[in-house]
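Here's the letter readout for the chains.
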Amino acid sequence: MSLPLENRVALVTGASRGIGAALALELAKQGAQLVLIARTQGGLEELDDRIRAATGRGATLLPLDLQKDADKQLDLVGPSIMERFGRLDILVHNAGALNKLTPVAHIDPKDWAEVMAVNLTAAWRLIRTCDPPLRASDAGRAVFVTTGRVLRPKAYWGLYGAAKAGMEHLVQTWAQEVVHTPLRVNLADPGVVATRMRATAMPGEDPASIPQPADVAPALAALCFPAETRHGARIEIG
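Every chain begins its residue count from 1, and numbering advances along the sequence as written. Reporting in this predicted model follows two pLDDT cut-offs: at least 70 for local features of residues, and 80 or more for side-chain atom pairs to be given and counted; totals over whole chains, interfaces and linings ignore these cut-offs and use all residues. Side-chain numbers here rest on the full set of heavy atoms in the structure, without hydrogens or water.

*Asks:* Which parts of the structure should I look at to understand the overall build of the protein?
*Replies:* Counting secondary structure elements, the protein contains seven helices and seven strands. Only DSSP runs of H or I with at least four residues qualify as helices, and only runs of E with at least two residues qualify as strands; both kinds are numbered from the N terminus onward. Starting at the N terminus and ending at the C terminus, the protein contains elements arranged as β-α-β-α-β-α-β-α-β-α-β-α-α-β. For 238 residues, the compact-globule formula gives about 18 Å, and the C-alpha radius of gyration of the protein, at 17 Å, lands near that figure. For the protein, the spread of C-alpha atoms along the three principal axes comes to 50 × 40 × 35 Å. Classification of residues uses two cut-offs on accessible area relative to the type maximum, computed with a 1.4 Å probe and protein chains only: under 20% is buried, over 50% is exposed, and between them is partly exposed. Relative to its full complement of 238 residues, the protein shows a buried share of 50%. Within the protein, counting contacts between residues at least 6 apart in sequence, those at least 24 apart form 74% of the total. Exposure was quantified through the Shrake-Rupley algorithm and a 1.4 Å probe, taking into account, for residues, occlusion by the shown protein chains and nothing else. Surface exposure of the protein reaches about 11000 Å², of which carbon and sulfur atoms provide 53%. C-alpha atoms define the radius of gyration, and 2.2 Å times the number of residues to the power 0.38 defines the globule rule. Residues count as neighbours in contact if any of their non-hydrogen atoms are within 4.5 Å of one another.

Laid out in structure tokens, this is it:
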């Protein structure tokens, strides 16, 4: 029996740890050939070892900083995937930056630049570079990981929430533009999950008391299956 994602090509950002790593492993177990982006070469190599142990196949590793390397390298990702594989079947933009929780009036310009670069500008650049190879797939699937802060603003979370809100608007606009193609584009809110970002925001919380990345990975992976028909939706997983 074939796997749901057998021979499908999947690009995942923020893949070296947390939700991104758990999702990448799940996609690999479902048969996908992975292209993984993260800042840390070591983290990507550790994940590649886990993927090889679980599936016998390795991944293509792209150590990129979505803030610092975007102008130089991110724009080349789509053409490179097209040249190597002829298409891209799955795009998951999971990478995110929180930085400091602070009053809106006290947001530091450097924090603003980084959070907007990773959460919003990188989403735009990924759409721009991956649109052609995704359209070349017979069942392209794009998933952008978002947050409940977009719908439920909270004091001190303004920078992160604003960046993700901008991303959501951009993604849903793109979804309308590709509605007459086989490409399906959705937003996914995993809810509360024990990640490094969560620990930064909630330092007193016991991570064992909340869902783990592996708990949400199967539902996120299912959004990438050819059988997924929702489009332009905001899907709450947690």
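From this point, the narrative continues.
*Asks:* Please explain the sheet that holds strand S1 (residues 9–13) as it appears in this structure.
*Replies:* Adjacent strands of a sheet pair through backbone hydrogen bonds, lying either parallel or antiparallel. For two strands to be treated as a pair, DSSP must find at least two bridges joining them. Strand order across the open sheet formed by seven strands is S3-S2-S1-S4-S5-S6-S7, with parallel pairing between neighbours. Edge positions in the open sheet fall to strand S3 (60–63) and strand S7 (234–236), since each of these has one partner strand only. The average angle at which neighbouring strand axes cross in this sheet is 20°, direction not considered. Sheet topology note: the S1/strand S4 (residues 90–93) ladder contains three bridges and is parallel. Directly across from Leu 11, in S4, lies its bridge partner Leu 91. In this analysis, axes come from line fits to C-alpha atoms, helices being fitted only over the stretch in contact, and the angle between any two N-to-C directions falls in the range 0 to 180 degrees.

*Asks:* How should the packing of helix H1 (residues 18–29) against helix H2 (residues 41–55) be read in this particular structure?
*Replies:* How two helices sit against one another is set out by the angle between their axes and by the gap between those axes. With their axes 10 Å apart at the nearest point, H1 and H2 run at an angle of 25° to one another. The angle between H1 and H2 places the two elements in the roughly parallel class. Note on packing geometry: the crossing formed by H1 with H2 is right-handed. Facing Ala 21, Ala 24, Leu 25, Ala 28 and Lys 29 of H1, the residues of H2 in contact are Leu 47, Arg 50, Ile 51, Ala 54 and Thr 55. Here roughly perpendicular refers to angles of 65 to 115 degrees, roughly parallel to angles under 35, roughly antiparallel to angles over 145, and oblique to all remaining angles. Should the near helix be turned anticlockwise from the far one by less than a right angle, the crossing is left-handed, and should it be turned clockwise, the crossing is right-handed.

*Asks:* Teacher, can you tell me more about the nonpolar core here?
*Replies:* Nonpolar side chains tend to gather and get buried jointly when the protein is soluble and globular. Buried residues of nine kinds, namely Ala, Val, Leu, Ile, Met, Phe, Trp, Tyr and Cys, make up a nonpolar core once their side-chain atoms join them within 4.5 Å. Of all hydrophobic cores here, the largest spans 35 residues; its most connected members are Leu 11, Leu 91, Phe 144, Trp 174 and Val 185. Counting residues per element, the ones that place at least two in this core are S1, strand S2 (33–38), helix H3 (77–85), helix H4 (109–135), strand S5 (141–145), helix H5 (158–177) and strand S6 (184–189). Broken down by element, this core gets its largest block of residues, nine residues, from H4. Beyond its immediate chain neighbours, meaning those up to four positions away, Val 185 contacts Ala 142, Phe 144, Val 171, Trp 174, Ala 175, Val 178, His 231, Gly 232 and Ala 233. Grouped together as the second largest cluster of nonpolar side chains are 32 residues, Leu 34, Ala 38, Ile 51 and Leu 223 included.

*Asks:* What am I meant to see in the environment of Glu 236 here?
*Replies:* Within the element layout of this structure, Glu 236 appears in strand S7. Taking the C-alpha atoms as reference points, Glu 236 and Lys 164, separated by 72 residues in sequence, lie 15 Å from one another. Look past the residues within four positions of Glu 236 in its chain and what remains in contact with it is Leu 151, Arg 152 and Asp 189.

*Asks:* Help me understand the packing of H4 against H5, please; the structure alone is not making it clear to me.
*Replies:* Relative to each other, H4 and H5 sit at 15°, their axes nearing to 8 Å. Classified by the interaxial angle, the pair formed by H4 and H5 is roughly parallel. For H4 against H5, the interelement crossing comes out right-handed. Together, Asp 111, Trp 112, Val 115, Met 116, Asn 119, Leu 120, Ala 123, Trp 124, Ile 127, Asp 131, Leu 134 and Arg 135 of H4 and Leu 159, Tyr 160, Ala 162, Ala 163, Lys 164, Gly 166, Met 167, Leu 170, Val 171, Trp 174 and Glu 177 of H5 make up the contact between the two elements. Gly is put with the polar residues, along with every residue not named as nonpolar or charged; the nonpolar set is Ala, Val, Leu, Ile, Met, Phe, Trp, Tyr, Cys and Pro, and the charged set is Asp, Glu, Lys and Arg. The residue inventory of the contact of H4 with H5, partitioned by class, reads 16 nonpolar, two polar and five charged.

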